Structure formats: structure tokens, C-alpha cells
Amino acid sequence: MNRGKRDVEKVEVRLKWDPSAWDQPPHHLDIIAATYSVDAPYGKPVYIVHFDNRSPDGTINMSRHSQTGQGFGYVEVMTLELDRLALSFARVVVGVVIHQNSGRKTFGDLSNAGVQIVERYEELLKEDFAQVSASTAATVAEFTRDAAAVWNFHEMVRGCDSDPVAFSAEMGDAP
């Protein structure tokens, strides 16, 4: 696993978790990506991408979405085509959030939860959320564009105690 990587072009963010017991409400997790401008890399996101909100330019897309965790392996997938993002973007932050519709759930309440980030066949990140087990949301990665317009990957596993709306607004705050 890499802690960072230079010259990242196109990545997949993959998310998995086991479904809840048959007599319990479903666990619903989402991958969220927030884009930040060159003018305000730690300001308000230019736009946010999640299961029902695509990027306006088609560079960040959800190709697979689950509301229950049912399926084999990674049941939710987001693709980020960083090399196609306009030069006006300097930063993209990716996170995972647990919906809180049926009472408080943390990563520690889930079984077999994990996120993986890959570029082609290279694994950039594999995380099981153990270090943020008491959290309801977590950032997992940051992609930054340097002065040469090259995208760089940075592992950024950081827990939050937020619902999806609040997390979307705060996930890109400076550490």
C-alpha cells in the first residue's frame, strides 16, 4: 500500500460492507467526492459527487451503487478521471459516509467494511475503517494538483461524526 503517489490519472474507489441481519434495517454507505478550485483549495467545494449527483463534466462518476451492501466484493464503485479535470481544480477529497436513517451507526457497527483505491492494477489504498471505528464518516484520500499540473495521491484516513449532508460540507477542511 502506498501512502502517496505522483502522476495519478484515473482511479477507482471501491467500497464494500456486509448487509445487515435480515431482521435489521439495511446499512447504507456512500462514497462521496468533493472538488475544490485553485482559488479556494480548502474553501467550499465547487461540486460534490455521490450516488445521485454526477460531476457536470463527466469526470467523476458512480458506476455501481448499493443501498444494502448485498453482492459480492466491492458493491459500490466511483471512477475519478483526474487527468480530464479542468485546470481550475486543485484538489479532490474522497470520503465514505454511513446514512443514519435508522439510528446511529459507526464503522465499528459494520462487518467486513472496507474501501480500496486503485489506479489500473496498482493498489493505492486499502482500508478497513478500524482506525475510525467510532466514526460515522471518514475521509480516505486527497488528490492534489501541483504546479506542473500533475495529480498526486495522498492517503488521508480521518474520522468524522457527521451525517451525509454535514460531512459533504466539512470533509475537505484543512487537517
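As a reminder, the structure under discussion sits directly above these lines.
Within each chain, residues carry numbers counting from 1 in the order of the written sequence. This being a predicted model, a pLDDT of at least 70 is required before a residue's local features are given, and a value of 80 or more before pairs of side-chain atoms are given or counted; all residues contribute to the totals for chains, interfaces and linings. The side-chain numbers reported here are obtained from all heavy atoms of the structure, hydrogens and water having been left aside.

(A) Region of interest: the environment of L29. Counting from the N terminus, the helices are the DSSP runs of H or I reaching at least four residues and the strands are the DSSP runs of E reaching at least two. Locating L29 in the fold gives a position in strand 3 (residues 29-37). Only protein chains enter the calculation, and the probe is 1.4 Å; a residue is then buried if its accessible area is under 20% of its type maximum, exposed if over 50%, and partly exposed in between. Judged by its relative accessible area of 0%, L29 is buried. L29 sits 70 residues away from H99 along the chain, and the two C-alpha atoms are 6.0 Å apart.

(B) Structural context of the nonpolar core. Nonpolar core, defined: a set of buried Ala, Val, Leu, Ile, Met, Phe, Trp, Tyr and Cys residues in which side-chain atoms within 4.5 Å join the residues together. By size, the foremost hydrophobic cluster in this structure holds 38 residues, and its most contacted members are L80, V92, I117 and F143. At 5 residues, the largest contribution of residues to this core is made by strand 7 (residues 89-98). The criterion used for residue contact is that any of the two residues' heavy atoms lie within 4.5 Å. Setting aside chain neighbours within four positions, we find F143 in contact with V8, V11, L80, L82, A90, R91, V92, V94, I117, W151, N152 and F153. In terms of nonpolar packing, the next biggest core, distinct from the first, is built from 11 residues, Y36, A137, M156 and M171 among them.

(C) How the structure looks around the side chain of E81. The topology assignment puts E81 in strand 6 (residues 76-81). Residue contacts for E81: discarding those within four places in its chain leaves E9, K10, G58 and T59.

(D) Representation of the pattern of salt bridges within the structure. Just to be clear on terms, a salt bridge is a Lys or Arg side-chain nitrogen sitting within 4 Å of an Asp or Glu carboxyl oxygen. Inspection of every chain in the model, using the stated rule, returns 8 salt bridges. Two residues, E122 and K5, come together in a salt bridge whose shortest N-O distance is 3.8 Å. Linking E122 in strand 9 (residues 122-127) with K5 in strand 1 (residues 4-6), this pair joins segments that are 117 residues apart in sequence. A salt bridge links E142 to R91; the shortest N-O distance between them is 2.6 Å. Linking E142 in strand 10 (residues 137-145) with R91 in strand 7, this pair joins segments that are 51 residues apart in sequence. Using a relative accessible area of 1% as the deciding quantity, one classes R91 as buried. Counted as one network, the salt bridges with shared partners bring together K5, E119 and E122.

(E) Up close: unusual backbone geometry. Phi is positive for D7, which is not a glycine, with a value near 65°. What makes D7 partly exposed here is its relative accessible area of 42%. We note that A149 has phi near 65°; this positive angle belongs to a residue other than glycine. For A149, the location among the structural elements is in the loop between strand 10 and strand 11 (151-160). In this structure A149 comes out as partly exposed when scored by relative accessible area, which is 40%.

(F) Quick peek at the sheet that holds strand 5 (residues 60-64). By this definition, two strands are paired if DSSP reports at least two bridges between them. Taken in spatial order, the 5 strands of this open sheet run 5-6-2-8-9, and their pairing is antiparallel. With one partner strand each, in any of the chains shown, strand 5 and strand 9 form the two edges of the open sheet. For this sheet the average axis-to-axis angle between neighbouring strands, irrespective of direction, equals 20°. Note that strand 2 (residues 10-16) and strand 6 share 6 bridges and pair antiparallel. Bridge pairing in strand 6 places K10 opposite E81. Lines fitted to C-alpha atoms define the axes, with helix axes restricted to the stretch in contact, and inter-axis angles between N-to-C directions lie between 0 and 180 degrees.

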